[in-house]
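A closer look at the structure
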Amino acid sequence: MISCVSSVDLASILGVSSIKSNIKLVDALATPERDAIILYSIAKTLTPKFVLEIGTFYGHTTYGLAVNSPKSTIYTIDICKEMGIGVPSYQAIERLPKNEVGKRFKNSNLKIVQIFGDSRNSSIYKEPPDFDFVYIDGNHSAGSIISDTENVFNKTTKNALIFWHDYKDDGLVETKSALKQIINKFGINIWHIRDSWLAFTMKTTECGFCTEQRAAH
Ligand SMILES: C[S@@+](CC[C@H](N)C(=O)[O-])C[C@H]1O[C@@H](n2cnc3c(N)ncnc32)[C@H](O)[C@@H]1O
């Protein structure tokens, strides 16, 4: 059984090499430019049909994905302050009023579909299509990351790429512990992208975490 996450260089992922983006991220709580550029590079290279971002915030990364991969439709999910949905105390500052969520792409003509709701609730995924590319950057508790991961595994195409943020953040976020639990429970391969806080997997099955996968581990 695989029990750890190994590091890979960006260039070794499907031949993708880094590109520059003229999008400057202005908020300290948004995905840092270093990591956002990796996501934009991969999306630009692969042109996924349907992209999902969990955790819209002001919409900086949503915007960057849409600009760099204009043929993709980007779905982005977030809660807002008015919903009163709980988050870890260190994330309370990220819960924005409804009119602020996704502000970066409001009034743009980009192919972005904004959804308000709790990403841990599986019913929110009923209407959207299956995704080819997912970026999980919502509630950073281990339980929520595992729940988001299980939901997107049931809502992605075979060979979909799934990314998690904050893997190398050794502060309060629980991404590292969540990914260890996911590896142990479901036996999937997860890689960390060197010099970034991103980790990713490629889904190799048609279904979610298949029952055969569960039985084997
Ligand atoms: C670190 S910010 C996301 C940053 C954004 N991806 C970017 O790059 O600009 C985390 C976001 O997750 C959202 N969030 C927290 N709990 C959530 C939940 N249960 N469902 C959906 N979004 C959630 C927060 O409201 C916040 O906007």
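Check the entry above for the structure.
Residues numbered from 1 in each chain as written. Predicted model: local features only at pLDDT ≥ 70, side-chain atom pairs only at ≥ 80, totals over all residues.

1. Re the overall build of the chain
If you tally the helices and strands in the chain, you get five helices and eight strands. Each helix (α) and strand (β) of the chain, taken in turn from the N terminus, gives the series β-α-β-α-β-β-β-α-β-α-β-β-α. Expressed as a percentage of its 217 residues, the buried residues of the chain come to 44%. Taking the contacts inside the chain whose residues are at least 6 apart along the sequence as the reference set, 70% of them involve residues at least 24 apart. (Helix = DSSP H or I, 4+ residues; strand = E, 2+ residues; numbered from the N terminus. Buried ≥ 20, exposed ≤ 12 C-beta atoms within 10 Å, placed from the backbone. Contact = placed C-beta atoms within 7 Å.)

2. A short note on the site of the ligand
By nearness alone, 25 residues border the ligand, and A30, T31, G55, T61 and N139 come closest of all. Listing elements by their share of the shell around the ligand, those giving two or more residues are β2 (50–54), α2 (60–68) and β3 (73–78). Grouping the constituent residues of the shell around the ligand by class yields nine nonpolar, nine polar and seven charged. (Near = placed C-beta within 6 Å. Nonpolar A, V, L, I, M, F, W, Y, C, P; charged D, E, K, R; others polar.)

3. Remarks on the environment of F133
Structurally, F133 is set in strand β5 (residues 131–136). Residue F133 is classed as buried on the basis of its C-beta count, with 26 C-beta atoms lying within 10 Å. Once the C-alpha coordinates of F133 and P48 are considered, the two residues, 85 residues apart in sequence, prove to be 6.3 Å apart. In contact with F133, other than residues within four places in its own chain, are A43, P48, V51, A160 and L161.

4. What to know about the nonpolar core
A general feature of soluble globular proteins is that nonpolar side chains tend to end up buried together. Ranked by internal contacts, the top residues of the largest apolar core, which has 45 residues, are L39, V51, V134, I136 and F163. In terms of residues, this core owes the most to one element, helix α1 (residues 33–46), which gives seven residues. Apart from residues lying up to four places away in sequence, L39 is in contact with T61, L65, Y135 and F163. (Core = buried A, V, L, I, M, F, W, Y, C linked by C-beta atoms within 7 Å.)

5. Quick notes on the packing of helix α3 (residues 142–153) against helix α4 (residues 175–186)
Axis separation between α3 and α4 bottoms out at 8 Å; the angle between their running directions is 50°. What the angle tells us is that α3 and α4 run oblique. When you trace α3 past α4, the crossing you get is right-handed. Across the interface between the two elements, A142, I145, I146 and T149 of α3 pack against T175, S177, A178, Q181 and I182 of α4. Considered class by class, the residues forming the contact of α3 with α4 number five nonpolar, four polar and no charged. (Axes fitted to C-alpha atoms, helices over the stretch in contact; angles between N-to-C directions. Parallel < 35°, antiparallel > 145°, perpendicular 65-115°, else oblique. Left-handed = near helix turned anticlockwise from the far one by under 90°.)

6. As for α1
Taking 1.5 Å of rise per residue, the 14 residues of α1 would be expected to cover 20 Å, and the 20 Å separating its terminal C-alpha atoms lies within 8% of that figure. Taken residue by residue, α1 has D35, A36, I37, I38, L39, Y40, S41, I42 and A43 as its buried positions. A positive phi of about 40° marks T47, the residue just after α1. (Expected span 1.5 Å × (residues − 1).)

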